[in-house]
Amino acid sequence: MPRISEDAKTRNEAVIRAAMDRMLAGQLPPGGKCDLKTLAAEAGVTRTGFYPKTNRDGSTRPGPYQHLAEEFERRLRAAQEAGEVVDPRAAQIERLKVENAELKKRIADRDEELAKLIAFKTLAISRLAAQHDEIERLRKQAAQDSNVRQLPAARGGSAPFGSCS
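This section reports on the structure supplied with the text. (Residues numbered from 1 in each chain as written. Predicted model: local features only at pLDDT ≥ 70, side-chain atom pairs only at ≥ 80, totals over all residues. Heavy atoms only, no water.)

## Remarks on the overall build of the protein
Move 1: When its secondary structure is counted, the protein shows 4 helices and 2 strands.
Move 2: Listing the helices and strands of the protein from first to last along the sequence gives α-α-β-β-α-α.
Move 3: For the protein, with 165 residues in total, the buried portion stands at 18%.
Move 4: Sequence separation of at least 24 residues holds for 48% of the intrachain contacts in the protein that already meet a minimum separation of 6.
Move 5: Element-wise, carbon and sulfur atoms account for 55% of the exposed surface of the protein, whose accessible area totals about 13,500 Å². (Helix = DSSP H or I, 4+ residues; strand = E, 2+ residues; numbered from the N terminus. Buried < 20%, exposed > 50% of the residue type's maximum accessible area, 1.4 Å probe, protein only. Contact = heavy atoms within 4.5 Å. Areas by Shrake-Rupley, 256 points an atom, 1.4 Å probe, with all protein chains shown as cover.)

## Description of the pattern of salt bridges
Move 1: The tally for this structure, following the rule as stated, stands at 10 salt bridges.
Move 2: With its nearest N and O atoms 3.7 Å apart, the salt bridge here joins Lys 116 to Glu 112. With Lys 116 and Glu 112 both in helix α4 (residues 88-144) and 4 residues apart, this pair spans about one turn of that helix.
Move 3: Connected through salt bridges with shared partners, the residues Arg 17, Asp 21, Glu 71 and Arg 75 form a single ionic network. (Salt bridge = Lys/Arg side-chain N within 4 Å of Asp/Glu carboxyl O.)

So, in structure tokens, the structure goes:
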């Protein structure tokens, strides 16, 4: 014997279908997803009506709204395959995943560029140090050689015969 009258079941089915149409049109309640839990809450029915029931003898029978749950899932899957965005949260999650992947790639590219710049800096510093050592060695060698004369320093900071510029 059913626990719910046929009139109440018919009214509930109409309310569930209306809620299903709203949800599949993208009108989700705040904090809700496009799923059976939200559908049941929007329709004001218990979620257990969407699932099969077990009789006392162990056999199963369909829930009173199980056919609506199957219809909802079928319509939702069809909308998703058609490329419609039913659940804006799912679209936001996908957008954030793409954005996250792009940011990870940018970070990896910057890390690679930074490693190249560090290697260049190390090489430049070592070359400068080697050049400095060579200049110091040549200065010492010039100071030790007796046949090398130093040129007189410029007088007054100006060229003796005029500017070259």
